Amino acid sequence: MKAPSSQKINVKKRVRELVLIALLTAVLSAGKMALSFIPNVEIVTVCIIAFTFVFGIKIGMPSTLIFCAIEGAIYGLAPWLLSYFIYWPLLSVVTALLTKAIHKNKVAIPVLIAFFMTSFFGVLTTFVDTCFYSGGQSFWNFYAAMYVRGIYFYLVHIISNIIVVGVLFTPLTKLLEKNKEHYFA
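Bear in mind that the values here come from a model prediction, so they are computed numbers and not experimental data. (Residues numbered from 1 in each chain as written. Predicted model: local features only at pLDDT ≥ 70, side-chain atom pairs only at ≥ 80, totals over all residues. Heavy atoms only, no water.)

Trainee: Just give me the short version of the state of the cysteines, but keep the residues and values in it.
Mentor: Enumeration according to the criterion identifies zero disulfides in this entry. Cys68 supplies the cysteine sulfur nearest to Cys47, a cysteine that is in no disulfide, at a spacing of 14 Å. (Disulfide = S-S within 2.5 Å.)

Trainee: How would you explain helix 2 (residues 44-55) if you had to name every residue and give the values?
Mentor: For helix 2, with 12 residues, the first-to-last C-alpha span of 16 Å sits near the 16 Å given by 1.5 Å per residue. Every buried residue of helix 2 is listed here: Val44, Thr45, Val46, Cys47, Ile48, Ile49, Ala50, Phe51, Thr52, Phe53, Val54 and Phe55. Looking one or two places after helix 2, you find Gly56, whose phi comes out positive at around 85°. (Helix = DSSP H or I, 4+ residues; strand = E, 2+ residues; numbered from the N terminus. Expected span 1.5 Å × (residues − 1). Buried < 20%, exposed > 50% of the residue type's maximum accessible area, 1.4 Å probe, protein only.)

Trainee: Give me the lowdown on the nonpolar core, citing residues and values where you can.
Mentor: The biggest cluster of nonpolar side chains holds 35 residues, and the ones touching the most others in it are Trp88, Leu91 and Phe169. Those elements that provide at least two residues to this core are helix 1 (5-34), helix 2, helix 3 (57-75), helix 4 (79-97), helix 6 (108-133) and helix 7 (139-184). For Phe169, the contacting residues outside a window of four places in its chain are Val46, Ile49, Ala50, Phe53, Ile102, Lys106, Pro110 and Val164. (Core = buried A, V, L, I, M, F, W, Y, C linked by side-chain atoms within 4.5 Å. Contact = heavy atoms within 4.5 Å.)

Trainee: Requested: an account of the packing of helix 6 against helix 7, with residues and values cited.
Mentor: Helices that pack against each other are described as a pair by the angle of their axes relative to one another and the distance between those axes. Two elements in contact, helix 6 and helix 7, have axes separated by 8 Å at closest approach and are oriented at 155°. One element, helix 6, and the other, helix 7, form an angle in the roughly antiparallel class. The two elements helix 6 and helix 7 cross, and the hand of that crossing is right-handed. Tallied by class, residues from the contact of helix 6 with helix 7 come to 20 nonpolar, nine polar and one charged. (Axes fitted to C-alpha atoms, helices over the stretch in contact; angles between N-to-C directions. Parallel < 35°, antiparallel > 145°, perpendicular 65-115°, else oblique. Left-handed = near helix turned anticlockwise from the far one by under 90°. Nonpolar A, V, L, I, M, F, W, Y, C, P; charged D, E, K, R; others polar.)

Trainee: Provide a residue-level description of the packing of aromatic side chains, including the pertinent values.
Mentor: Considering all chains together, one arrives at 18 aromatic pairs under this definition. Plain terms: the ring middles of Tyr84 and Trp88 are 5.8 Å apart, the flat faces sit at 90° to each other, and that makes the pair edge-to-face. Of this pair, Tyr84 and Trp88 both sit in helix 4, four residues apart, which is roughly one turn of the helix. Pairing Phe127 with Phe139 gives two aromatic rings, centres 5.5 Å apart and planes at 75°, and the pair type is edge-to-face. One end of the pair, Phe127, is in helix 6; the other, Phe139, is in helix 7, and 12 residues separate them in sequence. The exposure class assigned to Phe127 is partly exposed, which follows from its relative accessible area of 36%. Counting every residue linked through ring pairs, the aromatic cluster contains Phe67, Tyr75, Trp80, Tyr84, Tyr87, Trp88 and Phe121. (Phe/Tyr/Trp six-rings, centres within 6.5 Å; stacked < 30°, edge-to-face > 60°.)

Trainee: I'd love a proper account of the packing of helix 3 against helix 4, names of residues and values included.
Mentor: Contact geometry for helix 3 and helix 4: axes closest at 9 Å, N-to-C directions at 165°. Considering their axes alone, helix 3 and helix 4 lie roughly antiparallel with respect to each other. Every pair of crossing elements has a handedness; the one defined by helix 3 and helix 4 is right-handed. When helix 3 is examined against helix 4, the residues Ile57, Gly60, Met61, Thr64, Leu65, Phe67, Cys68, Ala69, Glu71, Gly72 and Tyr75 are found in contact with a partner set consisting of Trp80, Leu81, Tyr84, Phe85, Trp88, Pro89, Ser92, Val93 and Ala96. Classifying every residue of the contact of helix 3 with helix 4 gives 15 nonpolar, four polar and one charged.

Trainee: Describe the pattern of salt bridges, and please don't skip the residues or the numbers.
Mentor: Under the definition given, this model contains five salt bridges. Residue Lys13 pairs with Glu17 through a salt bridge whose shortest N-O separation is 4.0 Å. Here Glu17 and Lys13 lie together in helix 1, a separation of four residues that amounts to about one turn. By relative accessible area, which is 44% here, Lys13 ends up partly exposed. The class of Glu17 is buried, set by a relative accessible area of 7%. In this structure, the salt-bridge partner of Arg14 is Glu17, at a minimum N-O distance of 3.0 Å. A residue pair is termed a helical-turn pair when its members lie 3 or 4 positions apart in one helix, as Arg14 and Glu17 do in helix 1 at three residues. By relative accessible area, which is 37% here, Arg14 ends up partly exposed. Here the residues in one salt-bridge network are Lys13, Arg14, Glu17 and Lys58, joined through shared partners. (Salt bridge = Lys/Arg side-chain N within 4 Å of Asp/Glu carboxyl O.)

In short, shape yes, function no, at least from these values alone.
Here is the structure:
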């Protein structure tokens, strides 16, 4: 028995979505590896913001979660992986919630998202590391010491993400929107 044509269209659309998720996941992984030699400079943030903005959370979130799983498969299980599974999906959710605002200002809003979320990344990773490494002794003193120790890296991360998102978000979303129109029209 033949499937109705609407079912065929839905299957084709779902296959295209799955291929897109795989492609975007590969971009996240390759992009992270490409800049891994520069401490705390990355393009994952701009990519997740752009992917979620253009394709929605239905595509942005699975790409992000699979990226996190791939990171764990490559680098092994460690406290930072928990931070990744909290932070990167949260970045996708925040972007999805602010999509209307991004449509109104395609430079300032993504840069603000990058600023606040990257700032939160430093707080989150320090918190997770403190949970694992403080041994329960003087938690907040240990947290403060860990945060101060990493502040140079956090500042580099924040500043670089502001620049990367400010420069790349608009051309990246234009490219993605053009391809979205071509493949999903």
